[in-house]
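Close look at the chain arrangement
So you can see what is in the structure, the chains are spelled out below.
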Amino acid sequence: MTCHELEALRLGLMNVLGTSDRSAREHAEKELEGALDGPIEGLAEADSLSDLQRHLDAALVDLEEEVAAADESDAEYDYLRGRLVAVRDAERSLARLADHGDSFFDDLGETHHSLHDAFPADE
């Protein structure tokens, strides 16, 4: 049983955040051997939060289709549904991360303007 979406998202986050945890990268790469195509490949190779969101959304659509087509009597059906829940949760967490980044960016702009208000530059 594998959860390609989450491992690919971890790889993409390592790219975006500049994480250099070699063992985590190697583990994720091993989990993804033979599965690097489509949205999974896009996630693993993403270099921005917007790329991560776009590819995760596409991977989620694929996973939802897989769950919809699965036989409920299959022994792996519950795991498949659990993966869907986990990936949806990751999608919400990624959206929060992007929102926090946007908020931080806005705060820096406000701080910059406040600094110039307090200490006007000579023109």
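In what follows, the accompanying structure is described. (Residues numbered from 1 in each chain as written. Predicted model: local features only at pLDDT ≥ 70, side-chain atom pairs only at ≥ 80, totals over all residues. Heavy atoms only, no water.)

Topic: the overall build of the protein chain
Along its length, the protein chain carries five helices and zero strands. Reading the secondary structure of the protein chain in the N-to-C direction produces α-α-α-α-α. Dimensions along the principal axes, computed over C-alpha positions, put the protein chain at roughly 75 × 30 × 20 Å. Within the protein chain, residue pairs in contact and separated by at least 24 positions form 61% of the contacts whose partners lie at least 6 positions apart. Carbon and sulfur atoms make up 50% of the accessible area of the protein chain, which totals about 8200 Å². (Helix = DSSP H or I, 4+ residues; strand = E, 2+ residues; numbered from the N terminus. Contact = heavy atoms within 4.5 Å. Areas by Shrake-Rupley, 256 points an atom, 1.4 Å probe, with all protein chains shown as cover.)

Focus: the pattern of salt bridges
Counted according to the given criterion, the structure contains seven salt bridges. E26 is paired through a salt bridge with R22; the nearest N and O atoms lie 3.2 Å apart. With a gap of four residues between them, E26 and R22 both fall in helix 2 (residues 22–31), about one helical turn apart. The partly exposed category is assigned to E26, whose relative accessible area is 44%. Each of the salt bridges in this network shares a partner with another, and the network as a whole consists of R22, E26 and E29. (Salt bridge = Lys/Arg side-chain N within 4 Å of Asp/Glu carboxyl O. Buried < 20%, exposed > 50% of the residue type's maximum accessible area, 1.4 Å probe, protein only.)

As for the nonpolar core
One finds A8, L9, L11, L32, L43, L52 and L56 to be the most contacted residues of the largest nonpolar core, which totals 22 residues. For this core, the secondary structure elements donating two or more residues are helix 1 (4–17), helix 2, helix 3 (38–45), helix 4 (49–69) and helix 5 (77–118). The biggest single contributor to this core is helix 4, with six residues. Not counting chain neighbours up to four residues away, the residues in contact with L43 comprise E5, A8, L9, G12, L52, H55, L56 and A59. (Core = buried A, V, L, I, M, F, W, Y, C linked by side-chain atoms within 4.5 Å.)

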